[in-house]
Each structure stands twice: as C-alpha cells, then as structure tokens.
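The primary structure of each chain is shown beneath.
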Amino acid sequence: MGEGLCPRLSSSWKNMEKGLNDAVSKTKVGKYFKLDARKSTFTKELRAGTATFLTMAYIITVNATILADSGGTCSVADCSAPVNQTAGPDCMLQPNEGYQSCLDKTKSDLIVATVLSAMIGSFAMGILANLPFGLAPGMGPNAFVAYNMVGFHGSGHISYKTAMAIVLVEGCAFFIVSALGLREKFARIVPKPIRLACAAGIGLFIAFVGLQVHQGVGLVGPDQSTLVTVTACSSTNPVTGECISGKMRSPTFWLGSVGLLITCYGLMKEIKGSMIYGILFVTLTSWIRGTAVTYFPQTLLGDNNYKYFKKVVDFHKIQSTAGAISFTSFNTSGTWLAFLTLFYVDMLGTTGILYTMAEIGGFVNEKGNFEGQYMAFLVDAGSTIVGSTLGVTTTATYVESSAGIREGGRTGLTAVTVGLCFLVSLFFTPLLTSVPPWAIGPSLVMVGVMMMKVVKDIDWENIKEAVPAFITMLLMPLTYSIANGIVGGIGMYIALSLYDYIVRLMAWLIKMRGMVVEERNQVSATAGADLAIEVI
C-alpha cells in the first residue's frame, strides 16, 4: 500500500500543476507574458524567479555595507565628543560611538533603498520588457562611488550627496542615449581589450576590498614597510588597521574562511543560492553572543544592535539617504571627470550584461537584437534614476539572472517573482542589518572570481592588447581607483597605437606626394602638346 502511495501523490501533484499552468496560460496574465508562445509555464516561471533571487539576494547586505563605508550623510556633527570639547574631523576615521551609530542607521537606510530599487527594477523589467532578468544596484559602481568618489567615511573629494546627483544625471543620460538607440554604439568606443580588462580589474578591486580589515575578512592590512601585508590578527590598531599581535589568529577571519569554502563547494556542485548559504552560516554563527566571533559584543553599541536585532520583523523607513542629492559641486572639473568615468564604466557593464543574459536565454536573433531590447534599456536607465533618489548607485541587470534562465525562465513572470521576493525582504531589516563584514567579505571575493572570466578573451599574444589590458587590471586594486585603471589602460593603448598611426600617416603622405607628382607630369605633358600644336 505504501509503495503505491508516493507514485499516486506524485501523479496527483503533476496533474494539479498541469491544470494550474493550463488555466494561467489562458488568462490575460498568461497571454500578456506570452507563456505559451515562449514555451513556458506559470510554475516554471515561479521556480526560475526564486532561483534568481536566491543567487542575487546577497546584494542586499553587500551593497549596503559597501555604500555605508562612504559614511553616507554622516558627518563630524554626528560624532560623540568629550565633555566641554568639540569633535575633530578625524573622529570619522577613528572608533567613535556617535559616528558609528549614524553609520548603523545609514546602513539600514541603504538596505531598504537597495531592496526598493531592486524590487522596482525587477517589476519594471518583467512587466514592461517581458524578460526574465532580475535587477539590483550593481557591483563595481558601488565600490567606485564608496571608495574612489566619496572615500572611506567621507575622506574623498566628492560628498555623498554630490555622488548621488552624479548617479542621477548618469541615469538621465542613460535614458536619453537608450531612447535614441545610441547605447550600444557608445559602449563600443573604448577598445575591446580595455573593455574586457575593466570587468576583471573591477573584480580584483572588489575582492581586495573583501580581504581588508574594515570591510571584509581581515586577511590583508596596512604595513609601514611593504604598504600591505597579511594580517588576520587577534589584535589590530582600531585607527590604522595595523597588526598589533597574533597574525593569522583572528577568529572572525577563520570563520569567514569557512563561509568561503561553503560557497565554493556549493558553486562547484552548482547548488543554487550558494553565495547565500556561505553568508548564512557565518552570520548565524556570529549572532551567538558570548563567543569570540560574535557580532554583538558586551558593549553599549553591541547591546543596542542586539536589541534592534531581536525585533526580527520591522519595516524601516529611510531617514537620511532618500533625496540626498546636491548639484552645488557640479561646477568643478573633478565632478565631471567622476561622472564621465562612472558613466562609461556603467555603460560597458550594463549593456554587456544585458546582451549576455539575452544570449544565454536564446532571445538574440541573427541580427544581434532581441525582443524587448529597447524597453529593457529604458527600464535599467529608469531604475538607476529611481535608485539614485533613494541613495544607491547604478541599478542594472544581474548576471545571476542566468540561474533563473537555466531553470526555464523565459518571460517577465520570472522578473516579477524576483520583485516579489525583494518585497518580502523589506520587512526583515533587523536581520539584514546584522550581517557582519566577515560574512560579506567571502562573497566579495567570489564576485571577483566570477568577474575574472573575461580575461580568457584577451589576446595575450598581442602586446598591443595585452599591455593596456594588464595595466588596466593592475592599477585598479593597487591605486585603489577604478578611474586610474581605465585612464592608464586607454593611455597605454593610444601610446602603443602611435606607431601604426605614424606608419599610416607616412604611407598616406607618400601616396599623396605620388599623386601630386603624377598630376604635375600630366599637366606638363598636356602643356607640351598644346605648344606643339601652336607651332604647327
């Protein structure tokens, strides 16, 4: 009897699923999303959307953590000061209870802003473009804004509000070039080796961030002699991050390493959501109080964080980052240079990923176009505009959308499902804000690993391509600047191309000289013939 029960249940479930899929495909929703035309079903789209969300949900805490490193709208005024004294500017770069409290609130704001922008972008992609792509603030632009433009805790030359204004203007520019159909042409201006190296260089940069003390697992730290060195120390200088004692004895580093291994094993076995599982293991372990790896130490700040964490469910209202936009510094050359760099980096990234996802899904035709292409470009441009007003960076299609496509996602219902999952996560802000940096670090390293795949497409046998590509990748992490890498790579490519340009110019001049000489000879011959006729 028991042997026949499972087959009957399985058959019954399959019949119910088939009935549901047939019913939905005949409704207005099914016809709008073209379920039958694209040979998909309602339940298959739901599974695909869930798979996509699981693989990209890490961005909720990762993006907020990176952008919070910029300090957001926090300033010296938020610092705690000794009695009858005024806090100095260095309070933002040193442990300070008041400033840290402001950062915690900013991180909560950025988590909600990340979720909202991802939710809106995914809904729009599904409903308007009818494509199975999930959207969220992109990795790369967030690191560029946090560490190159605004700087760690506001130590850069551009304020957070000005940076968000730049992202807003960038989104508007995206929208215009997308509406005019110029986006792909703009993306092809930069030489191919530089375009490929940009992705790899940004990956190295992000991985470097994930290995540092303040933002990641703490394996890499500063050194007076060698600039950087291995740390993971049991005790570090809270101001400089230099090792005081116990190299490679940091409990949080070893816990983060276990999380990295879990993620790697999951990806090796192609388990969906592997990035999340690594983060979950480290985070859950770090939530246990009274341990060497706890995220809630027995301090005033730790106690306050723990009280908020215990709420579990809470809808956090954005207080500081929404509408934090200022155009007052747009009269400086540094602002416009930052805009051009961010604009082009994002142009390359968002356009390239969108086409890659379309190719994986089999949507691209023989002409290189795909259904919904025009609207898809408008959607991610519009999502960037929305995200900037909430306080986050460029919103774009995610590579992790390939997980849903592999699950059979072929319509916008996949993207709508992703948006619904992000909507649910809005109500768990206390849990999302309690993810420690040593849980985020391994995921940043894995993002770097995934972004390195493009280097195989660089022609390393061709020095003219290899050197500029290598310079681009090398300068990004070593100078802590994505912009420096791009400028250095383009400059080297132009320098190596001068020889070809000079050879072509010389060949053209020789050709023109030959044409001039030939023209003179013809004129002389004609004049001689005319003179001979006159004599006769």
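This text goes with the structure placed above it.
Note that the structure is a prediction, hence the values are computed from the model and not measured.

### Some points on the overall build of the protein chain
Then, number 1: Secondary structure assignment for the protein chain yields 20 helices and six strands.
Then, number 2: Principal-axis analysis of the C-alpha atoms gives the protein chain an extent of 120 × 75 × 45 Å.
Then, number 3: In the protein chain, which comprises 536 residues, the share counted as buried stands at 48%.
Then, number 4: Across the protein chain, contacts joining residues at least 24 apart in sequence account for 74% of those joining residues at least 6 apart.
Then, number 5: Approximately 25700 Å² of the protein chain is accessible, and the part contributed by carbon and sulfur atoms is 65%.
Then, number 6: With 38 positive and 34 negative side-chain charges, the protein chain shows a spacing of 8 Å between the two charge centroids.

### Things to note about unusual backbone geometry
Then, number 1: One non-glycine residue, Leu227, lies in positive phi territory at about 70°.
Then, number 2: A positive phi angle, near 65°, is found at Val312, a position not held by glycine.
Then, number 3: Summarising the element assignment, Val312 is placed in the loop between helix H12 (300-309) and helix H13 (333-360).

### A word on the pattern of salt bridges
Then, number 1: As enumerated under the stated definition, the model contains six salt bridges in all.
Then, number 2: Across the pair Lys34 and Glu371 runs a salt bridge whose closest N-O atoms are separated by 2.5 Å. Taken together, the positions of Lys34 in the loop between helix H2 (28-32) and helix H3 (42-56) and Glu371 in the loop between H13 and helix H14 (373-390) put the pair 337 residues apart, joining distant regions of the chain.
Then, number 3: Assessed through its relative accessible area of 34%, Lys34 is described here as partly exposed.

### As for the pairing of strand S2 (residues 220-223)
Then, number 1: For S2 and strand S3 (residues 227-230), the ladder comprises four bridges, and the chain directions are antiparallel. When the sheet's bridge partners are listed, Val220 is paired in S3 with Val230.

### Re the packing of aromatic side chains
Then, number 1: A complete count under the given rule lists 17 aromatic pairs for this structure.
Then, number 2: Relative to Trp336, the ring of Phe330 lies with its centre 5.4 Å away and its plane at 85°, an arrangement referred to as edge-to-face.
Then, number 3: With 5.7 Å between their ring centres and 85° between their planes, Trp336 and Phe339 make a pair best called edge-to-face. With Trp336 and Phe339 both in helix H13 and three residues apart, the pair spans about one turn of that helix.
Then, number 4: A relative accessible area of 10% means that Phe339 is categorised as buried.
Then, number 5: Every member of this aromatic cluster is reached through a ring pair, and the members are Phe174, Phe327, Phe330, Trp336, Phe339 and Phe343.
Then, number 6: The ring centre of Tyr306 lies 4.5 Å from the NZ or CZ of Arg289, which sits over that ring.

Reading the values: the criteria
- Position numbers for residues start from 1 in each chain and track the written sequence from start to end.
- Only residues with pLDDT of 70 or above have their local features reported here, since the model is predicted, and side-chain atom pairs are shown and tallied only from 80 upward, although totals for entire chains, interfaces and linings are computed over all residues.
- In computing side-chain values, all of the structure's heavy atoms are included and hydrogens and water are not.
- What counts as a helix is a DSSP run of H or I of at least four residues, what counts as a strand is a run of E of at least two, and both are numbered from the N terminus.
- Note on classification: 1.4 Å probe, protein chains only; a residue is buried when its accessible area is under 20% of the maximum for its type, exposed when over 50%, partly exposed between these limits.
- We call two residues in contact when some of their heavy atoms are within 4.5 Å.
- All accessible areas in this document rest on Shrake-Rupley with a 1.4 Å probe, and a residue is counted as covered only by the protein chains that are shown.
- Positive charges are assigned to Lys and Arg, negative charges to Asp and Glu, while His and the chain termini are left out of the count.
- In plain terms, the charge of a residue is placed at NZ if it is Lys, CZ if Arg, CG if Asp and CD if Glu.
- The rule for a salt bridge is simple: a side-chain nitrogen of Lys or Arg has to be within 4 Å of a carboxyl oxygen of Asp or Glu.
- Two strands form a pair only when DSSP identifies at least two bridges running between them.
- Aromatic contacts are taken between Phe, Tyr and Trp rings whose centres are within 6.5 Å, Trp giving its six-membered ring; a plane angle under 30 degrees counts as stacked, one over 60 as edge-to-face, and the others as tilted.
- Geometrically, a lysine NZ or arginine CZ counts as sitting over a ring once it is within 6 Å of the ring centre and also within 35 degrees of the ring normal.

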